[in-house]
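Letter by letter, the chains look like this.
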Amino acid sequence: MKSFKIVTYIFTLSLFVFTSCHKDDSVTNGNGSQVYIPDSFSEYFGNEISRDFLGTVVDKNKLPIEGVTITIGNETVLTDSNGIFILRDADVNQRFGYVKAEKAGYIHGSRSVVPSEGTNKVKIMLLEANVIATINSGSSETVTLNNGSSVSFDGNFIKEDGSTYSGSVDVMVHHLDPANEDMSKQMPGMLYAQNSEGAERMLQTLGMLAVELRGSSGEDLNLAEGSTSEIKMSVDPSLMSIAPATIPLWYFDEAKGYWIEEGEATLQGNMYVGTVSHFSFWNCDIPTEAITLCINTIDEDGIPLANLSVSITSANFGTTYGYTNENGKVCGFVPSDETLELNIYNYDLCGDSPVYIETIGPFSVDTNTSAVVPDNPDIIQENVVGTFNNCNGDAVSQGYVQITYGNQTFIDIVEDGAFEINLLRCTDNNIFSIKAIDYVNLQTTDNINYTFTTPITTLGALSTCNSVSEFVQYTIDDSQGVLLTVDISAYFYVDNPNLPEHSFVMTAFSNIQGECFYTLGLLNNPDFLGTYNHLASDGSDGNNTGFTISSTACLSVSNENNNIIFNLTALGAVGEYIDINFNGLYEDEEGNPHTITGIVHVLRDN
């Protein structure tokens, strides 16, 4: 997906369904209208529901973190080696779900969302718990970051049980700058808050400060009862023009998963300065009222467009963004009574220009609207479908697939052994790779290269067997797929006197299954990769290049009415992989029509 540098400030944009609540008390907003407030803030969240989650946890270098404890409600799982977690039927609320991520060596991370039907995808970037200073109890000290942000201490600390702590104190501090494009993944929860009157608000942040204190034995510490600390937060130069003289302070409640207003800070030069009585994340934010806006992204035929980046920009309140789900939908908070610019983007690989632009609004009530993305000769819609089995041929029930196209990786859950990923691609690049992971049994396929076969790319059955280094897999019609993993030979000849120039020969046998597979390919001049048609084994089609599947010892494949297409996506050196995927219609030697889909992922032997 396209990456965005946020040069103003960040609003939360998350998928959710808006529901109303019954409220008792009321206050008056700046426009003179009543704002109703419930007795309990949780009444805003709606009824309890169950939802599925697929998430990724990475570090600041965007590398996956394994072994992170993920908690949603009463359910807990660990991330795998790809930093991925899957949690099904988690207990959340209609308008609020809270995902916590914890691992030793990192500051506690989290993400709050408004859960949608289907799979809720979240991404969390954990900050390392690097000790930047060690202070001592009983001494007044100040810890300062390179940008001038600082935290002062009076020397009085307590443990989690409330008892007094004496000794050395490790101080971990992070300043989160809204001008940093990764801030939305690093911050806890989402920019959703309870103000001092108990009303819900969306927040416009001008900066955050994360502070964690640990004792000499690694125990969590905080300020003692009655103690206070002065915090200073640097304001990015791009935000100074909109920074008010005073601004509310908000802290993140790690137990509840949202921000709570407490105190205020004043602007002194380029620093907001305030006093706090405890530590977690502290946030300098301007609260604002908002409406909920849902964008339904479809093509001209009404087909939903998934995995697109959507941005909403207000001249007064900056830019917010999100990604369309499998239904082509994205919803979130936007400022009310503001004219907005809607932009829909494809991928970095396809350039920086949006595929759709529209001025929308102003909106004063919750709104659903559709964006019909026009046909574009340079952008192609693709659906990648397939099945995922274990070594025994049984459907993987808890797994996911990773498709990499350019610099973008799409991750989707496998449902009862089947998967489908919808995306747009550029016309000048039709190569992608896929990897399937059995989340429960911790087994994976290799990363296999493919060529799109527009509009639907059917991959057939992927099999996860960690002991298998190469394989040939094919499925004819709706029959059980054939998987060959032993006795495989693959040769590429540049100048063999017994074969045409640039010939590829591959054989695979299984005495147990009584199956075999043989193919001969006559390739184009370098670089050889690309799409090839069927090559008649008797030369009757007059083609100089292409692939043929044996019609003698192995499969019954006729040269008549043969429309099998072969995509050679990798031709490695000796000991490296050759990847071919093929599919199409053909007739057997008795004239009966069939469909075939297959994968060749073999090591080159010469």
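Refer to the structure above for everything that follows.
In what follows, the accompanying structure is described. (Residues numbered from 1 in each chain as written. Predicted model: local features only at pLDDT ≥ 70, side-chain atom pairs only at ≥ 80, totals over all residues. Heavy atoms only, no water.)

1. Some remarks on the pattern of salt bridges
- The final tally for this structure, using the stated rule, is 9 salt bridges.
- Among the salt bridges present, the one from D182 reaches K62, with a minimum N-O distance of 3.8 Å. Here K62 lies in the loop between β3 (48-58) and β4 (69-72) and D182 lies in the loop between β15 (168-176) and α1 (183-186), a separation of 120 residues in the sequence.
- A salt bridge links K121 to D412; the shortest N-O distance between them is 3.1 Å. Taken as a pair, K121 in strand β9 (residues 119-125) and D412 in strand β33 (residues 408-414) lie far apart in primary sequence, 291 residues in all.
- When its relative accessible area of 14% is taken as the criterion, D412 is described as buried.
- Salt bridges here are not isolated pairs; linked through shared partners, they connect D52, R88 and E415. (Salt bridge = Lys/Arg side-chain N within 4 Å of Asp/Glu carboxyl O. Helix = DSSP H or I, 4+ residues; strand = E, 2+ residues; numbered from the N terminus. Buried < 20%, exposed > 50% of the residue type's maximum accessible area, 1.4 Å probe, protein only.)

2. As for the sheet that holds strand β42 (residues 503-510)
- Pairing in this open sheet of 4 strands is antiparallel, and the strands run β41-β42-β43-β45 from one edge to the other. If you trace the sheet from one side to the other, it starts and ends with β41 (488-493) and β45 (546-549), each paired once. Across this sheet, the average inter-strand angle for adjacent strands is 10°, counted without regard to direction.
- Pairing geometry for β41 and β42, over 6 bridges, is antiparallel. Considered in β42, the bridge of S489 is made with T507. (Pairing = 2+ DSSP bridges. Axes fitted to C-alpha atoms, helices over the stretch in contact; angles between N-to-C directions.)

3. A word on unusual backbone geometry
- Cis geometry marks the peptide bond from T454 to P455; its omega dihedral reads 0°.
- Examined against the element boundaries, P455 turns out to sit in the loop between β37 (448-451) and β38 (456-464).
- P526 connects to D527 through a cis peptide bond whose omega is 15°.
- Tracing the backbone shows D527 in the loop between β43 (515-522) and β44 (530-532).
- Positive phi outside glycine occurs at D89, with the angle close to 55°.

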